[in-house]
Amino acid sequence: EIASCLVGSEMCIRDRDISNPNPVTDNKIFIDAQGLVSGTYRIDIIDMKGITVYTANTEIISSENKSISVDNLPAGLYTLLINGNNSQSSVRIIKR
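Residues numbered from 1 in each chain as written. Predicted model: local features only at pLDDT ≥ 70, side-chain atom pairs only at ≥ 80, totals over all residues. Heavy atoms only, no water.

Draft legend 1. Summary view of the confidence of the model for the chain. Averaged over all residues, the pLDDT of the chain equals 77, while 76% of them reach at least 70. Strand E1 (residues 3-4) is the least confidently modelled element of the chain, averaging 44 in pLDDT, while strand E5 (residues 52-60) averages 93, the highest of any element. (pLDDT = per-residue confidence, 0-100. Helix = DSSP H or I, 4+ residues; strand = E, 2+ residues; numbered from the N terminus.)

So, in structure tokens, the structure goes:
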């Protein structure tokens, strides 16, 4: 299992929190928000060149899943960053 957490952070994204499949094949990333504190989060997707290719501030409710459309991104390896409520977490995703 892939996990990425910052020391002292209450938020952790695991590969199982990203909807199967990962690799992403249906042009949507699903974030399982259970375990996250409801609130406004900044979501960034960064390509392997370090370029931010997606950014949005979005409301996340801890009892609901959140989806992000990635249909405009080419196939490749990306880092999904989620920042909010004084915490940050990241996970690598593959888009095919």
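Draft legend 2. Structural view of the nonpolar core. If you look at the biggest cluster of nonpolar residues, it comprises 17 residues, and the most contacted ones within it are Ile-29, Ile-31, Ile-43, Ile-45, Ile-68, Val-70 and Leu-80. Elements with a minimum of two residues in this core: strand E3 (28-32), strand E4 (39-47), strand E7 (76-84) and strand E8 (87-95). (Core = buried A, V, L, I, M, F, W, Y, C linked by side-chain atoms within 4.5 Å. Buried < 20%, exposed > 50% of the residue type's maximum accessible area, 1.4 Å probe, protein only.)

Draft legend 3. Quick peek at the sheet that holds E4. Spatially, four strands are ordered E5-E4-E7-E8 in an open sheet, and the strand pairing comes out antiparallel. Two strands close off the open sheet at either side, each with one partner strand: E5 and E8. Ignoring strand direction, the axes of neighbouring strands in this sheet form an average angle of 20°. Relative to E7, E4 is paired through six bridges, and the arrangement is antiparallel. Within E7, the residue paired with Asp-44 across the bridge is Leu-81. (Pairing = 2+ DSSP bridges. Axes fitted to C-alpha atoms, helices over the stretch in contact; angles between N-to-C directions.)

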